Amino acid sequence: MTKIAIMGAMEEEIEPLLAHFDNVNIVEFANNKYYEVSYKGVEIVIAYSKIGKVFASLTAATMIEKFECDTLLFSGVAGGINPKLKIGDLIIADKLCQHDLDITAFGHPNGFVPGGSVFVETSEKLRTIAKDVAKENELNVIEGTIATGDQFVHSSERKDFIESTFKADALEMEGASVAVVCDSLNVPFFVLRAISDSADGGADIDFDEFLKSSAINSANYMIKIVDKL
Ligand SMILES: Nc1ncnc2c(CN3C[C@H](CSc4cnccn4)[C@@H](O)C3)c[nH]c12
């Protein structure tokens, strides 16, 4: 029986998801809250990890190991790199990397540590379902590379480094952690983000203005995808 984990990093990213469900059971664990719902006969666990790769890894692993979820979906916002991505637009990750993982001093490429890989690919099956849903709902979605790091990017220099080093289309602070955890635990996963800013000089202003509306864009699309699982 499928049990689905739906994750965000910030409360604003999962609040629009929780709004779709009633009869929510709250489980407190490891200084966090996990929201259990039953939706059309499917068990779902929803949580926001808190910001950054460490919290995201803890929540992803908890949803799999403690709550026994066998599919993990991430919904949230991101900084746009690809110029095709305007604020509010949706991106599905085909692969993710860690732009701040750096042992280049030892001759390794950016984003690589021994035993790992620069990129981790998401579930092709889940991406296909998502693209079908986008077509049915005439949603404009791009598929691309998402770069993750433990910093809010708000400078063209850092944004350009991430783009040129990883050919990334968008950036955020949690997705690649979810990717490593799910890949290591053999759980199919899917990362969806809506653009909240352009990760350069004005990013913090745009982020504050568009966080809520972009999080709703991502959540509304995610609910349509869950309906198809
Ligand atoms: N430019 C960007 N760089 C890095 N990440 C992002 C994101 C995605 N999320 C939003 C949030 C920013 S930090 C945060 C901290 N306090 C309040 C609000 N956000 C973090 O969870 C990553 C959107 N735009 C980004």
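As a reminder, the structure under discussion sits directly above these lines.
As a starting point, this report considers the structure included with it.

Criteria and cut-off values
- For every chain, the first residue of the written sequence is number 1, and numbering continues from 1 along that sequence.
- Totals for whole chains, interfaces and linings use every residue, but because this is a predicted model, local features are given only for residues with pLDDT of at least 70 and side-chain atom pairs only at 80 or more, for both listing and counting.
- To get the side-chain values, all heavy atoms of the structure are used, and hydrogens and water are removed first.
- For the purposes of this section, nonpolar cores are sets of buried Ala, Val, Leu, Ile, Met, Phe, Trp, Tyr and Cys residues that join through side-chain atoms within 4.5 Å.
- For the exposure calls, accessible area comes from a 1.4 Å probe over protein chains only, and a residue counts as buried if that area is under 20% of its type's maximum, exposed if over 50%, partly exposed in between.
- Secondary structure elements are taken from DSSP: a helix is a run of H or I of four residues or more, a strand is a run of E of two residues or more, and numbering for both begins at the N terminus.
- Contacts between residues were defined by any pair of non-hydrogen atoms, one from each residue, lying within 4.5 Å.
- Summary of the distance rule: residues count as near a molecule or strand when at least one heavy atom falls within 4 Å of that molecule or strand.
- Polar contacts here mean pairs of N or O atoms no more than 3.5 Å apart (in protein, one a potential hydrogen donor and the other a potential acceptor; neighbouring residues in sequence count only if both atoms are side-chain atoms).
- We get accessible surface area from the Shrake-Rupley algorithm with a probe of 1.4 Å; when it comes to residues, only the shown protein chains can shield them.
- Points on a 1 Å grid, built from protein atoms alone, make a cavity when a 1.4 Å probe fits but cannot get out and make a pocket when they are open with protein on both sides within 12 Å along at least 5 of 7 lines; residues with an atom within 4 Å of a point are the lining residues.
- Pocket or cavity membership: a molecule qualifies when more than half of its atoms sit within 2 Å of the grid points of that site.

1. Looking at the nonpolar core
- The biggest cluster of nonpolar side chains holds 38 residues, and the ones touching the most others in it are Met7, Met63, Leu72, Leu96, Val178 and Phe189.
- Considering every element that reaches this core, the biggest residue donor is helix α5 (residues 175-184), with 5 residues.
- Dropping the residues within four chain positions of it, methionine 63 is found in contact with Ala5, Ile6, Met7, Tyr34, Val45, Ile46, Ala47, Glu68 and Cys69.

2. Remarks on the site of the ligand
- Taken together, 18 residues sit near the ligand, with Val77, Val153, Glu174, Asp197 and Phe207 positioned nearest.
- Between the ligand and valine 153 there is a distance of 2.9 Å, counted from a nitrogen atom to a backbone nitrogen or oxygen.
- Measuring from an oxygen atom of the ligand, one finds a side-chain N or O atom of glutamate 174 at 2.7 Å.
- Contact with the protein chains removes 83% of the 540 Å² of surface that the ligand exposes when unbound.
- Counting atoms within 2 Å of the grid points, the majority share of the ligand lands in the largest pocket.
- Among the elements of the structure, β5 (71-80), β9 (170-172) and β10 (189-197) are those that each provide at least two residues to the shell around the ligand.

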